[in-house]
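Each chain is listed here by its residues.
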Amino acid sequence: MSSDRLIIFDTTLRDGEQSPGASMTKAEKVRIAKMLEMLKVDVIEAGFAIASPGDFASVKAVAETIKDSTICSLARAVDADIDRAGEALQGAASGRIHTFIATSPIHMKYKLQMQPDQVVERAIHAVKRARNLVGDVEFSLEDASRSEFEFMCRIIEAVIDAGASTINLPDTVGYGEPQEFGEMFGRLIASVPNAHKAIFSAHCHNDLGLAVANSLSAVRHGARQVECTINGLGERAGNASLEEIVMAIRTRKDIMGVETRIDATHIVPTSRLVASVTGFPVQPNKAIVGANAFAHESGIHQDGVLKHRETYEIMRAEDVGWHTNKLVLGKHSGRAAVKARFDALGVSFESQAALDEAFARFKLLADKKHEIFDEDLQALVLDARDDAPKRYSFNALDVCCKTGLVPNAAVTLIVNGETVQAAAEGSGAVDATFKAIESIAHSGTELKLYSVNAITQGTEAQGEVTVRLARNGLIVNGTGADTDIVIASAKAYVDALNLLAEDKHKEHPQREGV
Ligand SMILES: CC(=O)SCCNC(=O)CCNC(=O)[C@H](O)C(C)(C)COP(=O)(O)OP(=O)(O)OC[C@H]1O[C@@H](n2cnc3c(N)ncnc32)[C@H](O)[C@@H]1OP(=O)(O)O
Ligand SMILES: CC(C)C(=O)C(=O)O
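Residues numbered from 1 in each chain as written. Chains lettered and ligands numbered in written order. Predicted model: local features only at pLDDT ≥ 70, side-chain atom pairs only at ≥ 80, totals over all residues.

## Here we look at the site of ligand 2
Turning to step 1, where the next piece is worked out: The immediate surroundings of ligand 2 are formed by Asp 15, Phe 100, Ser 140, Glu 142, Asn 168, Pro 170, Thr 172, His 203 and His 205.
Turning to step 2, where the next piece is worked out: Considered class by class, the residues forming the shell around ligand 2 number 2 nonpolar, 5 polar and 2 charged. (Near = placed C-beta within 6 Å. Nonpolar A, V, L, I, M, F, W, Y, C, P; charged D, E, K, R; others polar.)

Below is the structure:
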């Protein structure tokens, strides 16, 4: 089934979410899915429906919301997993069940504790069961890059006969090397008699930093789907990054010989959204979406770019969504311009009142900051992501930091409608603020991560803070944005406390220390 169309399968919401600490709430997954739809991703793997009631609800909500991308749920080769995935996908305009089982000797022997014949039988049964629920079934041979060739031929032929239309060959542990991994695709496609009835797919991990290279090599050897994530998020060292694969395919079209339907101008806003939601900032030198990806510092390069841009640039920053905003948003902007920008970022408002509320917040921010960028707008809505009454809300902060004195903070929170104040000392302004908040909340949590990300440039930039708290094995990520990072920190801490109080730990609870 080879063609020149490459299917982009985004698994930010499933494998991306398997990054420790990156798990997302249902509302966050739906927001990211809307951006992925605008990006024109072909398939969105929205989660692993059996994993938790929250993940089931997320897959269902994404399936009911998104119309222009196929929505997929992962399922082990286990009846209950497949049935749960089918149930979650019922409302989808186009739904796919992605079932998998490991095929490498090490996984079959030690993890599954199954004989190869049993694995083949289980795979056939799983694919048939999934086909009774949806018309589109993908089958993955987990740990394919460490599996025996003849065994893979056997199982692939059997699952295609059973109804799988996509065969995914994952480099589960990131062990593959481009030439060998690509050749595995070429040999399998040539050897499996019914291979022409399926699309072959690559799913690569970045343990050796080769995920994108391996994926591209697979494409050159016949793969017509790649599985990838925004910002390369994913289990351990991450997955192949969507933005790098898409732009490599586009920039090197003549050599790669395939095309995607991705609208690359949404890449940077999507990357920003995923970074905000997960609290995983993008490193400045990250390809495509890093702050320095299109910056030229050295004189010879600057001279070259000024004379002829292509001397040092293989793609244009605006083509991947950098600075595409031609209307400058600031305190003199009106609702029409602000709403148009929100629309472009995939942010919709359920009512005029919700838009008015966002607009009021925009004006408050514009009073503090001359120019409002896309990232500021994203932070603005993330900050107000849930209108439900909260146990805690941040009201005011008074911090004193003087050289030679112990920093102290006096914080005012509204707790269940009552104003409560507390003060504390700490090793710095943020530490004192957190201690003051804790002396009100007594949450019994442990601070697992504190990160500050300047979401726009300059000293007047908004800082976005992520605070990860853990209690009884559950982890929450709170976020807060403000032009003052101590206030952003207080907001993030309070946000995390609310998520815990509402039992809104991330939908895929993670064990502490993971
Ligand atoms: C390579 C990947 O990324 S695979 C996806 C990884 N993602 C996740 O695991 C996240 C979601 N997972 C979960 O929430 C849980 O692991 C669940 C709900 C799926 C299963 O939980 P539990 O029933 O408690 O099982 P647990 O996770 O401890 O062990 C996994 C079991 O599934 C079996 N298993 C693993 N993969 C498969 C498979 N593809 N098909 C069938 N069985 C499998 C294991 O052999 C083990 O079986 P055992 O309990 O009989 O020894
Ligand atoms: C389930 C499969 C596709 C996977 O995530 C992997 O092998 O890494």
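Now that the structure has been shown, we can carry on.
## Side note on the sheet that holds strand β3 (residues 70-76)
Turning to step 1, where the next piece is worked out: An order of β1-β2-β3-β4-β5-β6-β7-β8 is seen for the 8 strands of this closed barrel, with the pairing classed as parallel. With direction set aside, neighbouring strand axes in the sheet form an average angle of 25°.
Turning to step 2, where the next piece is worked out: By the bridge criterion, 6 bridges tie β3 to strand β4 (residues 95-102) in an arrangement that is parallel. Along β4, the bridge assignment pairs Arg 76 with Phe 100.
Turning to step 3, where the next piece is worked out: Its contacts with the sheet put helix α5 (residues 116-131) on β4 and β5 (136-142), and the angle it makes with β4 is roughly 170°. (Pairing = 2+ DSSP bridges. Helix = DSSP H or I, 4+ residues; strand = E, 2+ residues; numbered from the N terminus. Axes fitted to C-alpha atoms, helices over the stretch in contact; angles between N-to-C directions. Contact = placed C-beta atoms within 7 Å.)

## What about the environment of Lys 491?
Turning to step 1, where the next piece is worked out: As for its position among the elements, Lys 491 is in helix α17 (residues 485-501).
Turning to step 2, where the next piece is worked out: Separated by 368 residues in sequence, Lys 491 and Ala 123 place their C-alpha atoms 48 Å apart.
Turning to step 3, where the next piece is worked out: Residues contacting Lys 491, with those up to four places away along its chain left out, are Phe 394, Gly 480 and Asp 482.

## Concerning the nonpolar core
Turning to step 1, where the next piece is worked out: By size, the foremost hydrophobic cluster in this structure holds 102 residues, and its most contacted members are Ile 8, Ile 44, Ala 46, Ile 71, Ala 123, Val 226 and Ile 245.
Turning to step 2, where the next piece is worked out: Not counting the four nearest positions on each side in its chain, Val 226 is found in contact with Leu 6, Ile 8, Phe 9, Ser 201, Ala 202, Ser 215, Val 219, Ala 240 and Ile 245.
Turning to step 3, where the next piece is worked out: Core analysis: the second largest hydrophobic core is formed by 45 residues, Leu 377, Leu 397, Ile 437 and Ala 481 among them. (Core = buried A, V, L, I, M, F, W, Y, C linked by C-beta atoms within 7 Å. Buried ≥ 20, exposed ≤ 12 C-beta atoms within 10 Å, placed from the backbone.)

## Thoughts on the UniProt feature "domain: Pyruvate carboxyltransferase" (unreviewed entry) in the chain
Turning to step 1, where the next piece is worked out: When the UniProt feature table is mapped to this numbering, "domain: Pyruvate carboxyltransferase" (unreviewed entry) covers residues 6-268.
Turning to step 2, where the next piece is worked out: End-to-end, the C-alpha atoms of residues 6-268 are 21 Å apart, and along that stretch the chain is 43% helix and 18% strand. (UniProt positions renumbered as here; feature names shortened; annotations may be inferred.)

## Details of the packing of helix α6 (residues 149-162) against helix α7 (residues 178-191)
Turning to step 1, where the next piece is worked out: Put simply, α6 and α7 touch, their axes get as near as 10 Å, and they point 50° apart. As far as their axial angle goes, α7 and α6 are oblique. The two elements α6 and α7 cross, and the hand of that crossing is right-handed. Contact residues: α6 offers Phe 149, Met 152, Cys 153 and Ile 156, while α7 offers Arg 187, Leu 188 and Ser 191. (Parallel < 35°, antiparallel > 145°, perpendicular 65-115°, else oblique. Left-handed = near helix turned anticlockwise from the far one by under 90°.)

## Things to note about the site of ligand 1
Turning to step 1, where the next piece is worked out: The environment of ligand 1 is made up of 15 residues, and the closest members are Phe 48, Ala 51, Arg 76, Ala 77 and Ile 101.
Turning to step 2, where the next piece is worked out: At the level of secondary structure, the elements contributing two or more residues to the shell around ligand 1 comprise β4 and α4 (105-112).
Turning to step 3, where the next piece is worked out: Here the shell around ligand 1 is built from residues that sort into 8 nonpolar, 2 polar and 5 charged.

## Considerations on the confidence of the model for the chain
Turning to step 1, where the next piece is worked out: The predicted model of the chain has a mean per-residue pLDDT of 90, with 93% of residues at 70 or higher.
Turning to step 2, where the next piece is worked out: Contacts from residues 505-514, a stretch scored under 50 in pLDDT, to residues over four places away or in other chains number 34 contacts.
Turning to step 3, where the next piece is worked out: Prediction confidence for the complex, expressed as pTM and ipTM, is 0.82 and 0.98 respectively. (pLDDT = per-residue confidence, 0-100.)

## Section: the domain arrangement of the chain
Turning to step 1, where the next piece is worked out: Domain boundaries in the chain define domain 1 (7-278), domain 2 (300-383) and domain 3 (392-501).
Turning to step 2, where the next piece is worked out: Computed over C-alpha atoms, the centres of domain 1 and domain 3 are 38 Å apart. (Domains from an automatic or database assignment.)

## What to know about the UniProt feature "binding site: Mn(2+)" (unreviewed entry) in the chain
Turning to step 1, where the next piece is worked out: Per the UniProt annotation, the sites labelled "binding site: Mn(2+)" (unreviewed entry) are Asp 15, His 203, His 205 and Asn 239. A stretch of 225 residues holds the annotated residues, and the largest C-alpha distance among them is 10.2 Å, short enough that they meet in one place.
Turning to step 2, where the next piece is worked out: Here His 205 is to be found in the loop between β7 (199-204) and α8 (211-220).
Turning to step 3, where the next piece is worked out: His 205 has contacts with Asp 171, Thr 172, Val 173, Gly 174, Ala 211, Gly 234, Glu 235, Arg 236, Ala 237 and Asn 239, leaving out every residue within four places of it along the chain.
Turning to step 4, where the next piece is worked out: Among the structural elements, Asn 239 can be located in the loop between β8 (225-228) and α9 (242-251).
Turning to step 5, where the next piece is worked out: A residue is classified by how many C-beta atoms lie within 10 Å of it, and Asn 239, with 34 of them, is buried.
Turning to step 6, where the next piece is worked out: The contact partners of Asn 239, leaving out residues within four places of it in the chain, are Thr 11, Asp 15, Gly 16, Cys 204, His 205, Asn 206, Ala 211, Cys 228, Thr 229, Gly 232, Leu 233 and Gly 234.

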